Amino acid sequence: MTGEDLIKAITDNATLMGLTNCPSVSVQMSCAVYGKVQDDVGSDVITNNTSMKYQIDQALLFRGEHSQTAVWHFLITGTAVHHFVVIPWFKQSVGTVYTVFMAYEHTKGAMYGYSVDKYVKHTSPAPGEIKGYKAVWTDNVLSAMLSDLLTQKNAWEEYFGNVGPAQADKIYYFKYKTTALDSAVSNVNQYSKICQKTT
């Protein structure tokens, strides 16, 4: 199995694509990939200071092998709160790449919301192709996203869509364990049997 197989299994799953609030994405994606929900323990944090680049490099460091993957839960705090997941995997001739999945809850504070499916398809109010969903994010592109969110006032809406302005001040992340791509794809394909939708 390859990373492409995993991403296709996820995007082919109607329940995962139908998630409509951001906290449920990390819960359900982790359950889908690992066969059970993972716990948010041992977070690290990225802040806008002199060591921000180093912090981002550490956040994106994947120590897995070519046949492995993981789910990473990112939690952004500031004038608003948002969650998304990053799935690292290996692509021939490129090295480690990443796929980002998110939904945005339509709450009182958010102007609009969208499902994971709308994020993947760039359906408004989700962000467009330039700053929105890509099956493959390189290290440089994802690093720029995290940096922009902490330093640029317009980054929230560029990366998250027409959801109202906000400013990030900290990015927490939880790196769930490395796992084999074979089992991850198998678990996603059995998602409806092994995971009960909890949110």
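Structure: above.
Because the structure is a prediction, the values reported are computed rather than measured.

Basis of the calculations
- Residues numbered from 1 in each chain as written.
- Predicted model: local features only at pLDDT ≥ 70, side-chain atom pairs only at ≥ 80, totals over all residues.
- Heavy atoms only, no water.
- Axes fitted to C-alpha atoms, helices over the stretch in contact; angles between N-to-C directions.
- Helix = DSSP H or I, 4+ residues; strand = E, 2+ residues; numbered from the N terminus.
- Parallel < 35°, antiparallel > 145°, perpendicular 65-115°, else oblique.
- Left-handed = near helix turned anticlockwise from the far one by under 90°.
- Contact = heavy atoms within 4.5 Å.
- Nonpolar A, V, L, I, M, F, W, Y, C, P; charged D, E, K, R; others polar.
- Buried < 20%, exposed > 50% of the residue type's maximum accessible area, 1.4 Å probe, protein only.
- Arc of directions from axis to C-beta.

Moving on, we come to the packing of helix α1 (residues 3-11) against helix α8 (residues 181-189). Interhelical geometry of α1 versus α8 gives an angle of 15 degrees and a closest axis separation of 9 Å. Relative to α8, the element α1 lies roughly parallel. Seen from above, α1 lies across α8 with left-handed handedness. Contact with α1, carried on its side by G3, D5, L6, A9 and I10, involves L181, A184, V185, V188 and N189 of α8 and no other residues of that element. Across the contact of α1 with α8, the residue classes break down as seven nonpolar, two polar and one charged.

Turning our attention to α8. An α-helical turn contains 3.6 residues, so any two residues separated by three or four positions project in the same direction. Every buried residue of α8 is listed here: L181, A184, V185, N187 and V188. All buried residues of α8 lie within an arc of 160 degrees about the axis, which places them on one face of the element. α8 presents D182 and N189 as exposed residues on the side facing more than 90 degrees away from its buried surface. For α8, the secondary structure elements touched by its buried residues are α1, α2 (14-17), α3 (22-34), β2 (68-69), β7 (179-180) and α9 (191-194).

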